[in-house]
Amino acid sequence: MRVVLVDCIFEPTTELKLFESENANSGAIATFMGRCRPRTSGEDVTALELQHYPNFTEQQISRFVQDICCSKRLHDALVIHRVGAISPGEAIVLVACASDHRAEALAAVETIIDFLKTDAPLWKREVTNNGAQWVEPTALDYQRQISRIAKS
Amino acid sequence: MRVVLVDCIFEPTTELKLFESENANSGAIATFMGRCRPRTSGEDVTALELQHYPNFTEQQISRFVQDICCSKRLHDALVIHRVGAISPGEAIVLVACASDHRAEALAAVETIIDFLKTDAPLWKREVTNNGAQWVEPTALDYQRQISRIAKS
Amino acid sequence: MRLLLFGQIRDSAEHLHDTEIISSARSVRELMGWLCQSDADLARAFDRAGLRVAVDQCFVDFDAAITPQSEVAFMSPLSGG
Amino acid sequence: MRLLLFGQIRDSAEHLHDTEIISSARSVRELMGWLCQSDADLARAFDRAGLRVAVDQCFVDFDAAITPQSEVAFMSPLSGG
């Protein structure tokens, strides 16, 4: 398992290639990549800023991912998350999970990305030409949080 | 949208890098890679053989993926599936879906891989030292087929 | 008509796969009856669960009509991915 | 004790983030009351939905005990991914 916060550009497919080769015996690898979109609600995004709580953020994500690795019997999991300033088009997050069969890897990726949206100590601010605005989880994010907690 | 059957080794991360660059404005990309496992039920697998029905297989998968692109409002989808003889460790299938937000891309990847397991005209035979055996969908695969059809 | 066999069922009657057959059958079901008379292995394969059929590259049920020009494909349970 | 602010709440009281404060508060709630008296902007920020608090890098509820050595972090709604 590897959970890292990075403050500069990373290349998701390069990281995936490594993850794939480290898990050569896994029949199933599911992934999710989130990127900074160039537009939001009709406005051009000039940057995203991601605040984090040093140590605590890594610790909280690691604990959660470790639990998922056990409960879903994953062979391995990888979370790379950007912090600091992010430009449009750049990757924000990569989640990858390896397992014997697809159901576990797919469910684990979904659960981890849902967790990151509402429960990881990260704070996202979107900067547009009309100023900066803090992003809060959507109603759907909270619904998924509730259903995730109910299932666990 | 791109659906291709290939009869030789392909490199999932190379294909993903291309897919990613073709969908630079998509906030979310979810993927699934399935590989030939070196062992199954305690036996060493020497090869997988994938039979297909030329034209019909591509047509059936393409139709399904096209419908998912519309219903999930995907920006793009990619399915690469091996046919013919596959060695342990080699990729069998890559599914990638791009959308604005994660829910659509994750759900689409899961739906497409579930479809491939039970409803795409492909037939898989596992070769071990004890002979060859046709693979049939598992009880779980059929459960997922029923729940997919119920949701659609 | 053209007969195609996919998956396990092909093993039961390899010699019949991708062959032109001459039959007066007017439905898939009639064709199956006709094939069963001449091939006991295929008859047993038809009895296995999960058999599917496509006529001219469309999935159909066993009552579907066929003509001497049809392409008829019998398929054991599909298993991709 | 050390005070940390994350997310929108930091904008309300940037000058208080990552500072050492001297307070006799024995619980998070007492500390919040004490901070509200000296900072109206922070008081309004505490009223917003979704406020969370961690003491010594553990999520706790507002009745949790604190000491002069505690690290207390107030957080606006989390939004990673």
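Visitor: I'm lost on unusual backbone geometry in this one. Help?
Guide: Excluding glycine, most residues fall at negative phi; most peptide bonds, likewise, are trans. Residue and element names in this part refer to chain D. Of note in this structure, Asp18 is not a glycine but carries a positive phi near 60°. Examined against the element boundaries, Asp18 turns out to sit in the loop between α1 (8–12) and β2 (19–20). Take Asp18: its relative accessible area is 39%, and that puts it in the partly exposed class. Not every positive phi belongs to a glycine, and Gln57 is a case in point at roughly 60°. Assignment of secondary structure puts Gln57 in the loop between β3 (52–55) and β4 (58–60). Residue classification places Gln57 among the buried residues on the basis of a relative accessible area of 17%.

Visitor: What exactly am I supposed to notice about the relation of the copies chain B and chain A here?
Guide: For the pair of chain copies, the relating operation is a rotation around an axis with a shift along it. Each copy superposes on the other: chain B lies on chain A with an RMSD of 0.0 Å after a rotation of 180° and an axial shift of 0.0 Å. Expressed as a symmetry operation, the mapping of one chain copy onto the other fits a two-fold axis. Looking at the interface residues of chain B, 100% of them are also at the interface in chain A, so both copies use one shared face.

Visitor: Please explain the sheet that holds strand β5 (residues 76–82) of chain A as it appears in this structure.
Guide: With respect to topology, 8 strands assemble into an open sheet ordered β1(A)-β5(A)-β7(A)-β2(A)-β2(B)-β7(B)-β5(B)-β1(B), the strand pairing being mixed. At either end of the open sheet lies a strand with only one pairing partner, and these are β1 (2–6) of chain A together with β1 (2–6) of chain B. Between one strand and the next, the sheet's axes are offset by a mean angle of 10°, whatever the strand orientation. Where helix α1 (residues 12–22) of chain A meets the sheet, its contacts fall on β1, β2 (28–35), β5 and β7 (91–99) of chain A together with β2 (28–35) of chain B, and the angle it forms with β7 of chain A comes to roughly 15°. In the packing of helix α2 (residues 56–71) of chain B onto the sheet, the strands contacted are β1 and β5 (76–82) of chain B, and the crossing angle to β1 of chain B comes to about 150°.

Visitor: Quick question: what am I supposed to make of the packing of aromatic side chains here?
Guide: By convention here, two paired aromatic rings are described through the distance between centres and the angle between planes. Per the counting criterion, the structure on display carries 12 aromatic pairs over all chains. Ring centres of Tyr53 of chain A and Phe56 of chain A lie 4.9 Å apart, and the angle between their planes is 55°; on these two criteria the pair is classed as tilted. On the basis of relative accessible area, Phe56 of chain A is assigned to the buried category, the value being 0%. Ring centres of Phe64 of chain B and Phe115 of chain B lie 3.9 Å apart, and the angle between their planes is 10°; this geometry places the pair in the stacked category. Of the two residues, Phe64 of chain B sits in helix α2 while Phe115 of chain B sits in helix α3 (residues 102–119), which places them 51 residues apart along the sequence. With relative accessibility at 6%, the residue Phe115 of chain B sits in the buried group. Through a chain of ring-to-ring contacts, three or more aromatic side chains come together here, namely Tyr53, Phe56 and Trp123 of chain A together with Phe6 and Phe59 of chain D. Directly above the ring of Phe59 of chain C sits Arg52 of chain C, whose terminal nitrogen or CZ lies 4.3 Å from the centroid.

Visitor: Got a minute to help me understand empty space enclosed by the protein in this structure?
Guide: A water-sized probe, rolled over the atoms, reveals where empty space remains. For the structure on display, the rule yields 3 cavities of 30 Å³ or more. Within this model, the largest cavity holds a volume of roughly 40 Å³. In this structure, the largest cavity is lined by Trp123, Lys124, Trp134, Val135 and Glu136 of chain B together with Gln8, Ser76, Pro77 and Ser79 of chain C. Class assignment for the residues of the lining of the largest cavity results in 4 nonpolar, 3 polar and 2 charged.

Visitor: Is there a simple way to think about the interface of chain B and chain A in this case?
Guide: Where the parts come together, the accessible area they lose is often given as the size of the interface. Taken together, the 35 residues of chain B in the interface contact 35 residues of chain A. The junction of chain B with chain A conceals about 3,100 Å² of combined surface from both sides, 50% of it contributed by carbon and sulfur atoms. The interface formed by chain B and chain A includes 8 salt bridges. Across the pair Lys17 of chain B and Glu11 of chain A runs a salt bridge, and its minimum N-O distance is 3.6 Å. Where chain B packs against chain A, one counts 15 residue pairs in polar contact (both at pLDDT 80 or more). Looking at the side of chain B that touches chain A, the elements that each hand over two or more residues are α1 (12–22), β2, α3 and α4 (139–151) of chain B.

Visitor: For this particular structure, what's the right way to read the pattern of salt bridges?
Guide: For side chains bearing opposite charge, pairing can occur when the charged atoms are close. Considering all chains together, one arrives at 36 salt bridges over all chains under this definition. Across the pair Arg2 of chain A and Glu15 of chain A runs a salt bridge, and its minimum N-O distance is 3.1 Å. On the criterion of sequence distance, the pair formed by Arg2 of chain A in strand β1 and Glu15 of chain A in helix α1 is long-range, its members being 13 residues apart. The class of Arg2 of chain A is partly exposed, set by a relative accessible area of 35%. Between Asp63 of chain D and Arg29 of chain D there is a salt bridge; the shortest N-O distance is 2.9 Å. Of this pair, Asp63 of chain D sits in the loop between β4 and β5 (71–75) while Arg29 of chain D sits in helix α2 (residues 28–38); the two residues are 34 residues apart in sequence, bridging distant segments of the chain. Take Asp63 of chain D: its relative accessible area is 52%, and that puts it in the exposed class. Here the salt bridges do not stand alone but share partners, grouping Arg102 of chain A together with Glu110, Asp114, Asp141 and Arg144 of chain B into one network.

Cut-offs applied
Residue positions within a chain follow its written sequence, with the count starting from 1. Think of it this way: whatever chain is written first is A, whatever ligand is written first is 1, and the rest follow in order. The predicted origin of the model limits local features to residues at a pLDDT of at least 70 and limits the giving and counting of side-chain atom pairs to 80 or more, whereas totals for whole chains, interfaces and linings rest on all residues. Derived side-chain values reflect all non-hydrogen atoms in the structure, with water molecules and hydrogen atoms excluded from consideration. Segments assigned H or I by DSSP are reported as helices when at least four residues long, segments assigned E as strands when at least two residues long, and all are numbered from the N terminus. Relative accessibility under 20% of the residue-type maximum defines a buried residue, over 50% an exposed one, and the middle range a partly exposed one, all with a 1.4 Å probe and only protein chains included. The copies were overlaid by least squares, fitting only the C-alpha atoms of residues that reach a pLDDT of 70 or more in each copy. Between two residues, a contact is recorded if the distance between any of their heavy atoms is within 4.5 Å. What makes two strands pair is DSSP finding at least two bridges between them. Lines fitted to the C-alpha atoms define the axes, with helices restricted to the stretch that makes contact. Angles between their N-to-C directions range from 0 to 180 degrees. Side-chain rings of Phe, Tyr and Trp (the six-membered ring for Trp) are treated as a pair once their centres are within 6.5 Å; stacked means planes under 30 degrees apart, edge-to-face means over 60, and tilted covers the remaining angles. We call a charge positioned above a ring when the Lys NZ or Arg CZ atom is no farther than 6 Å from the ring centre and deviates by at most 35 degrees from the ring normal. A pocket here means an open set of points on a 1 Å grid, computed over the protein atoms alone, that has protein on both sides within 12 Å along at least five of seven lines. A cavity is instead a set of points where a 1.4 Å probe fits but cannot get out; residues with an atom within 4 Å of a point line either one. Grid points are joined across faces, edges and corners, and a volume is the space filled by probe spheres set on the points. The classification used treats Ala, Val, Leu, Ile, Met, Phe, Trp, Tyr, Cys and Pro as nonpolar, Asp, Glu, Lys and Arg as charged, and all other residues, Gly among them, as polar. The quantity reported as buried area is the accessible area (1.4 Å probe) lost by two parts once they are put together, taken as the sum for both. By salt bridge we mean one thing: a side-chain nitrogen of Lys or Arg within 4 Å of a carboxyl oxygen of Asp or Glu. Whenever a nitrogen or oxygen atom comes within 3.5 Å of another N or O atom, the pair is scored as a polar contact, on the condition that within protein one atom can donate a hydrogen and the other can accept it, and that pairs from neighbouring residues in sequence are kept only if both atoms are in side chains.

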